[in-house]
Amino acid sequence: MADATSLLLGLEGLEVTGVVTQVDRVRVVDVVTTDPEASRCPDCCVVSRSVKDRTVTRPRDIRYGDDPILLRWNKTRYRCVNQECARVTFTESISQVPPRRRTTTRLRTQIGRSVGEAARSVSEVATGVGVSWPTAHAAFVEHAEQVLIDPQPVRVLGIDETRRGRPRWIKDADGRRWVRVDPWDTGFVDLGGDQGLLGQVEGRTSAAVTDWLTTQSEQFRTEITHVVIDPSAAYAAAVTDTVLPNAQVVVDHFHLIKLCQRHRHCGATSGDLRRSRSPRAQT
Ligand SMILES: [Zn+2]
């Protein structure tokens, strides 16, 4: 019975010792640890047999059927037996519930895929699986960090601003005046290849651009031959600030013509416009 139920639960390293249904139809599943590696200290990795006491935790897990499942994990707390280790005690951990986690790995994977691959909102997924918004968001970030690869070198880099949400009004430092805050991001796009969006950072300042560029590899920075921007002094300063030694700044034709029309006294010649046109400038 226990073997079959443990198999059905499918959490490696745990064995089901009992299942009861509460009046609210929640099924309470009692589990104990079977993984011998669970008694390894998370800091020094030395296995301990010195039991201090026992405790119960309730890690959140994926849904199974219509009614919720509440896991009740009866864990052992060990003393670390390694004299060199600063940790005094620790409780059992398994790969599905690593140290300091309150959700199972498979639940976090499910949340990450639901947001990152099925494009569902964080709040919708959080409500559906019964976790808080920060927990769901952290699971999504964890998932994204695993699947996103570093940008590969590009020849033509596009830099442009994107508004992120509506303007907000906040009190200034004295708490006397309301100050308008416009949330802007800066996006980096591969205009000569097919990588699409390479990165996005908060702000639209020179520092925001410089910081992102300096976190890329030296090869990434040296292989850029053209940087396409709107007529932004902040972006131009960041690019010509020796961060990109081989790049020529190009103002894309859409933004240039828009600027001309706005001021109605454009002195640019058609040759200037041709030179400003990037190989695949897009808007
Ligand atoms: Zn230890």
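Criteria and thresholds
Residues numbered from 1 in each chain as written. Predicted model: local features only at pLDDT ≥ 70, side-chain atom pairs only at ≥ 80, totals over all residues. Heavy atoms only, no water. pLDDT = per-residue confidence, 0-100. Contact = heavy atoms within 4.5 Å. Donors = N, O, S within 2.8 Å, 3.2 Å for Na, K, Ca; no water. Buried < 20%, exposed > 50% of the residue type's maximum accessible area, 1.4 Å probe, protein only. Pairing = 2+ DSSP bridges. Helix = DSSP H or I, 4+ residues; strand = E, 2+ residues; numbered from the N terminus. Axes fitted to C-alpha atoms, helices over the stretch in contact; angles between N-to-C directions. Parallel < 35°, antiparallel > 145°, perpendicular 65-115°, else oblique. Nonpolar A, V, L, I, M, F, W, Y, C, P; charged D, E, K, R; others polar. Core = buried A, V, L, I, M, F, W, Y, C linked by side-chain atoms within 4.5 Å.

1. A closer look at the confidence of the model for the chain
It should be kept in mind that the predicted coordinates are not to be read in detail where pLDDT is low.
Link 1 in the chain: When pLDDT is averaged across the chain, the result is 87; 91% of the residues are at 70 or more.
Link 2 in the chain: Across residues 270-283, where pLDDT falls below 50, the model places 23 contacts with residues more than four positions away in sequence or in other chains.

2. Here's the deal with the coordination of the zinc ion
Link 1 in the chain: Donor atoms from the polypeptide that bind the zinc ion are Cys-41 (SG), Cys-44 (SG), Cys-80 (SG) and Cys-85 (SG), placed at 2.3 to 2.4 Å.
Link 2 in the chain: Counting the intervening residues between successive donors of the zinc ion yields the motif C-x2-C-x35-C-x4-C.
Link 3 in the chain: By relative accessible area, which is 24% here, Cys-44 ends up partly exposed.

3. Overview of the sheet that holds strand β9 (residues 184-190)
Link 1 in the chain: Strands sit in the order β10-β9-β6-β11-β12 across an open sheet of 5 strands; the sheet is mixed. Looking along the sheet, the strands with just one partner apiece sit at the ends: β10 (196-202) and β12 (248-251). Each strand axis lies, on average, 25° off the axis of its neighbour in the sheet, ignoring direction.
Link 2 in the chain: With respect to the sheet, helix α5 (residues 206-215) is in contact with β6 (156-163), β9 and β10, its orientation differing from that of β10 by roughly 125°.

4. Some details on the packing of helix α2 (residues 105-116) against helix α4 (residues 133-147)
Link 1 in the chain: Where α2 meets α4, the axes come as close as 8 Å, and the angle between the chain directions of the two elements is 80°. One way to sum up the angle between α2 and α4 is to call them roughly perpendicular. Contact with α2, carried on its side by Arg-108, Ile-111, Gly-112, Arg-113, Val-115 and Gly-116, involves Ala-136, Ala-139, Phe-140, Glu-142 and His-143 of α4 and no other residues of that element.
Link 2 in the chain: Split into classes, the residues belonging to the contact of α2 with α4 amount to 5 nonpolar, 3 polar and 3 charged.

5. Let's talk about the environment of Val-20
Link 1 in the chain: When you line up the elements, Val-20 lands in strand β1 (residues 14-21).
Link 2 in the chain: Residue classification places Val-20 among the partly exposed positions, given a relative accessible area of 47%.
Link 3 in the chain: Separated by 10 residues in sequence, Val-20 and Asp-30 place their C-alpha atoms 8.6 Å apart.
Link 4 in the chain: What Val-20 contacts, discounting residues up to four positions off in sequence, is Val-26, Arg-27 and Val-28.

6. Quick word on the nonpolar core
Link 1 in the chain: Judged by nonpolar contacts, the single largest core of 19 residues is most densely connected at Leu-157, Ile-159, Phe-188 and Val-227.
Link 2 in the chain: When contributions to this core are tallied by element, the ones reaching two or more residues are β6, β10, α5, β11 (226-229) and α7 (233-243).
Link 3 in the chain: Residues within four places of Phe-188 in sequence aside, it is in contact with Leu-157, Gly-158, Ile-159, Gly-196, Leu-197, Leu-198, Gly-199, Val-201, Val-209 and Trp-212.

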